[in-house]
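Structure assessment
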Amino acid sequence: MDNNKKTTIDITGMTCAACSNRIEKKLNKLDDVTAQVNITTEQATIDDHQGQYHTEDYVNEIQHLGYDVVKESVELTISGMTCAACSNRIEKVLNKIDGVINANVNLTTEQATVEYYRGVVNSDDFISKIQNLGYDAKVKEGQNQYSNKDKRLKKQLTKLVIAAILSIPLLATMLVHLFHMPLPSIFMNPWFQFILATPVQFIIGWQFYKGAYKNLKNGSANMDVLVALGTSAAYFYSIYEMFKWLNHTTQMPHLYFETSAVLITLILFGKYLETKAKTQTTNALGELLSLQAKEARVIKDNKEMMIPVKDVQVNDNILIKPGEKIPVDGIILKGTTSIDESMLTGESIPVDKQINDKVIGATINQNGAIVIQATQVGNDTALANIIKVVEQAQGSKAPIQRLADQISGYFVPTVIGIALLTFIIWITLVHFGEFEPALVAAISVLVIACPCSLGLATPTSIMVGTGRAAEKGILFKGGQYVEQAQNIDTIVLDKTGTITNGKPVVTDFEGDNETLQLLASAEYASEHPLAKAIVDYAQTNNINLINTDTFNALPGHGIEASVSQKQVLVGNRQLMTSNNVELSNHIESKMTDWESNGKTAMLIAINGVYQGLIAVADTIKDNAIESIRRLHDMNINVVMLTGDNDNTAQAIAKQVGIDRVIANVLPDEKSAHITQLQKEGKQVAMVGDGVNDAPALVTADIGIAMGTGTEVAIEAADITILGGDLSLLPKTLSISQLTMRNIRQNLIWAFGYNIAGIPIAALGLLAPWIAGAAMALSSVSVVTNALRLKRIIK
């Protein structure tokens, strides 16, 4: 038997032939392996002659040498799943494929995300495996999935209506038995019931047989197996009774056609309500998608032309008129305007924009016409990335969900065993030799125990919670972060750009207009952020600037300039002392007072004589005090971690109500302080917006990036707050807590329902059709409870 197994792996990090030779030599040391590494194609072709190794073995060898293997991920849309057992089965099979790093299948979104080693396997391999299991799969096509759900919903409704029309007369026969209601004799005729029940059983209900066959063929069992077993038992026992009646061996046959038909109809009804409710959980993504502009007015060869947004290329020039949506991300080339960025930041006040300012796709141009140059198009735009993050969050699994999925995977076989045991006990002990009551009890057990609600309990809440959070401007990157965030007891805040606005402004000025004119004119030549704040302040006060004759920056002290033949000195005490500028006690006191409040105070001297004092500070955000108060109300410890000096940090902390301050921290030391807090037993969330915050964001239990910050910080974080609104920080923790509480409610209901329902059914206290109705409504109740989050999260 030929066990030879051939594998191709794409490798990154090779720079020369020596690299490929090292890897090749390393791989060839494995027993019965022949490897060739090509530096040009950056691929390794490996022949495992005994078929004894997995891709992970080769990857470990390559990584041990300091190189890496190219990883990719693909999202698949899967149809045909009916319960958690289906998604568990697919996930298990995909994870067994050699070359797959991790596969995650979500029943609610009907999607699979598969991460794999490029070159080893591809999407066609995954689709083939899924199809072999009896489900349909294809690479996700984006927006079409939402319209496809609407089509499936209409198809389900059609089947439900037909089933209901055929089942209602059969349901009426139950009323005869229960309440002795008069009905036309034809309703009790076996042939009449047979004609009505058969299309429901084998045409409308064919989906259950098909699903059951595919699952049993692959060695698993799902909800379809339970439904097919239960309804078939009722239907074929009725056929048996009908033949007895035809052969005149019984006067009044005991028919259960109504049980099988009504069960299928009720299950379809539950599935329809469940699907309808589930479509509402994707509303957040649908609304985000609807924000996108459909067309763009591109300027080519001095001509304007309307083209679909998907055809816009990077560097295209686009004209946007007042009232129009900006189609893609870009930079303004011509014009000034104000833009409504509320869809991104939640801030209703329009933002003024001018040449060289960035604009974001899907925001609305309110005033002037502008021409922009496209910088990010298609899947690279800010909105596309937001949608991607939300989809990943909704498709990912929280740890609590994996536990529920594991239980669901064992549930169906266990239920079949309990149903069989129930039948045996009834026919041997309870009603010896009587087939009917034993069959009814067994059918009730099969139907009542369907674990649909258990499989839906977590993903529906995650979908609604993360979708609602996105509408508020909070992006969770995965369900696991929704779960982790509820445990946070300590929040570490960076100062600049997080607590403060990150933009220095003049807070105090003592001096006359002439002094301000000379000061601002001198600072105009400086590139320091504090200088820009002074210039902006002067211009706001309608001070005209004049040309500077000479300029000299004095690092650590200030500046020296000549303006209109006057010597201008701006800086600290040392600068004034070295230039023999006399300072009164009043000036010293005022300067000390400003500095104690976290301001940077600068002295101004003209021609060697003191003329004024100016203070610049990075002001705290408008909602910082209230946000930190709310965190304290939630029993969250708040810590400030900053590279600023201790005086400034303490002053800011005092203003906003932070008790613990860690100052004078170098960028590479921030993560060490996070680790120290974790060693103290704290569950730590780090909030930052700069490149220097990235290591700390990764080290923390939860990293939260302010959306106004750098892309590096946002990429390193687990949660992103769009627009930098600090008030969304307590809301983030609140959404996590509310979502997890909702999940626990769902799981308690789902477990409690099954645990209570099975013994009641086994005791014969539930008619099969009542069990079917209860099973259907249990799933609906779980999804409906999840949808409550849309109302609760405000």
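Residues numbered from 1 in each chain as written. Predicted model: local features only at pLDDT ≥ 70, side-chain atom pairs only at ≥ 80, totals over all residues. Heavy atoms only, no water.

Under the annotation held in an unreviewed UniProt entry, the protein carries the name Copper-exporting P-type ATPase and is attributed to Staphylococcus pasteuri_A. We quote the UniProt Subcellular location (unreviewed entry) comment for the protein here in full: "Cell membrane". According to its UniProt record, the protein has this under Catalytic activity (unreviewed entry): "Cu(+)(in) + ATP + H2O = Cu(+)(out) + ADP + phosphate + H(+)". (UniProt positions renumbered as here; feature names shortened; annotations may be inferred.)

Each helix and strand in the protein was counted, giving 28 helices and 30 strands. Its C-alpha atoms give the protein a radius of gyration of 35 Å, more than 25% over the compact-globule value 28 Å for 794 residues. A burial count over the protein gives 51% of its 794 residues as buried. Long-range pairs, those at least 24 residues apart, make up 67% of the contacts in the protein with a sequence separation of at least 6. When the accessible surface of the protein is totalled, it reaches about 36,100 Å², and 53% of it is carbon and sulfur. Averaging the locations of the 65 positively and 79 negatively charged side chains of the protein gives two centres separated by 8 Å. (Helix = DSSP H or I, 4+ residues; strand = E, 2+ residues; numbered from the N terminus. Rg over C-alpha atoms; globule rule 2.2 N^0.38 Å. Buried < 20%, exposed > 50% of the residue type's maximum accessible area, 1.4 Å probe, protein only. Contact = heavy atoms within 4.5 Å. Areas by Shrake-Rupley, 256 points an atom, 1.4 Å probe, with all protein chains shown as cover. Lys, Arg positive; Asp, Glu negative; His and termini not counted. Charge placed at Lys NZ, Arg CZ, Asp CG, Glu CD.)

Those residues carrying the UniProt feature "domain: HMA" (unreviewed entry) are residues 5–70 and 72–138 in this numbering. Note that residues 5–70 is 33% helix and 33% strand, and that its end C-alpha atoms are spaced 20 Å apart. Summarising residues 72–138: 34% helix, 37% strand, and an end-to-end C-alpha distance of 17 Å.

Another aspect to go through is the side chain of Thr458. Along the polypeptide, Thr458 turns up in helix α15 (residues 452–472). A relative accessible area of 1% places Thr458 in the buried class.

What follows concerns the nonpolar core. Counting 151 residues, the largest nonpolar core has Leu94, Phe126 and Ile491 as its most contacted members. In contact with Phe126, not counting residues within four places along its chain, are Val74, Leu76, Leu94, Ile97, Val100, Val114, Tyr116 and Val121. (Core = buried A, V, L, I, M, F, W, Y, C linked by side-chain atoms within 4.5 Å.)

Turning our eyes to something else, we now look at the sheet that holds strand β11 (residues 317–320). Here we have 6 strands laid out as an open sheet, ordered β10-β9-β11-β17-β12-β15, and antiparallel in their pairing. Sheet topology places β10 (303–308) and β15 (358–359) at the edges, where each strand pairs with a single neighbour. In this sheet, strand β17 (residues 370–376) lies alongside strand β12 (residues 329–334) in antiparallel orientation, the contact comprising 5 bridges. In the strand pairing of β17, Gly330 is matched with Ala374. (Pairing = 2+ DSSP bridges.)

Below, the discussion takes up the pattern of salt bridges. Any two side chains of opposite charge can pair if their charged atoms end up close together. Following the criterion strictly, the structure yields 20 salt bridges and no others. In this structure, the salt-bridge partner of Asp10 is Arg118, at a minimum N-O distance of 2.7 Å. Residue Asp10 is found in strand β1 (residues 5–12), and its partner Arg118 is found in the loop between β7 (111–117) and α4 (123–132); the two are separated by 108 residues along the sequence. Taking the relative accessible area as the measure of exposure, Asp10 reaches 8% and is therefore buried. A residue is classified by how much of its surface remains accessible, and Arg118, at 33% relative accessible area, is partly exposed. Here the salt bridges do not stand alone but share partners, grouping Asp10, Glu72 and Arg118 into one network. (Salt bridge = Lys/Arg side-chain N within 4 Å of Asp/Glu carboxyl O.)

For Asp301, which is not glycine, the phi torsion reads 55 degrees and is therefore positive. Mapped onto the fold, Asp301 is located in the loop between β9 (295–300) and β10. Here Asn664, not a glycine, exhibits a phi torsion of approximately 55 degrees, which is positive. Locating Asn664 in the fold gives a position in the loop between β27 (660–662) and α24 (670–679). Exposure remark for Asn664: the relative accessible area of 48% places this residue in the partly exposed category.

Below, the discussion takes up the UniProt feature "transmembrane region" (unreviewed entry) in the protein. Here, UniProt's "transmembrane region" (unreviewed entry) annotation points to residues 160–179, 191–209, 221–240, 255–273, 410–432, 438–458 and 746–763. Each end of residues 255–273 is marked by a C-alpha atom, and these two atoms are 29 Å apart; helix forms 89% of the span and strand 0%.

Spatially, β20-β25-β24-β23-β22-β21 is the arrangement adopted by the 6 strands of the open sheet, whose pairing is antiparallel. Both outer strands of the open sheet, β20 (500–510) and β21 (548–554), are each paired with one neighbouring strand and no more. Going across the sheet, the axis of each strand differs from the next one's by a mean of 20 degrees, ignoring polarity. Strand direction decides the pairing type here: strand β24 (residues 600–606) and strand β25 (residues 609–620), joined by 7 bridges, are antiparallel. By the bridge assignment for β25, Thr600 is matched with Val616. Running over the sheet, helix α21 (residues 585–596) touches β20, β24 and β25 and is turned about 10 degrees from β25. (Axes fitted to C-alpha atoms, helices over the stretch in contact; angles between N-to-C directions.)

Let's shift gears to helix α22 (residues 624–633). Burial in α22 covers these residues: Ala624, Ser627, Ile628 and Leu631. Considered in projection along α22, the buried side chains sweep an arc of 95 degrees and stay on one side of the axis. As for α22, its buried residues are in contact with β19 (490–493), α17 (495–499), β26 (637–641), α23 (646–656) and α27 (728–762). Asn635 lies just past α22 and shows a positive phi near 65 degrees. (Arc of directions from axis to C-beta.)

On to the packing of helix α7 (residues 206–217) against helix α8 (residues 223–246). Helix packing for two helices is described by the angle between their axes and how far apart those axes are. One way to put it is that α7 packs onto α8 with a least axis distance of 8 Å and a crossing angle of 125 degrees. On the basis of their axis angle, the class for α7 and α8 is oblique. Taken as a pair, α7 and α8 cross one another with a handedness that is left-handed. Together, Gln207, Phe208, Tyr209, Gly211, Ala212 and Leu216 of α7 and Met223, Asp224, Val225, Val227, Ala228, Ser232 and Phe236 of α8 make up the contact between the two elements. (Parallel < 35°, antiparallel > 145°, perpendicular 65-115°, else oblique. Left-handed = near helix turned anticlockwise from the far one by under 90°.)

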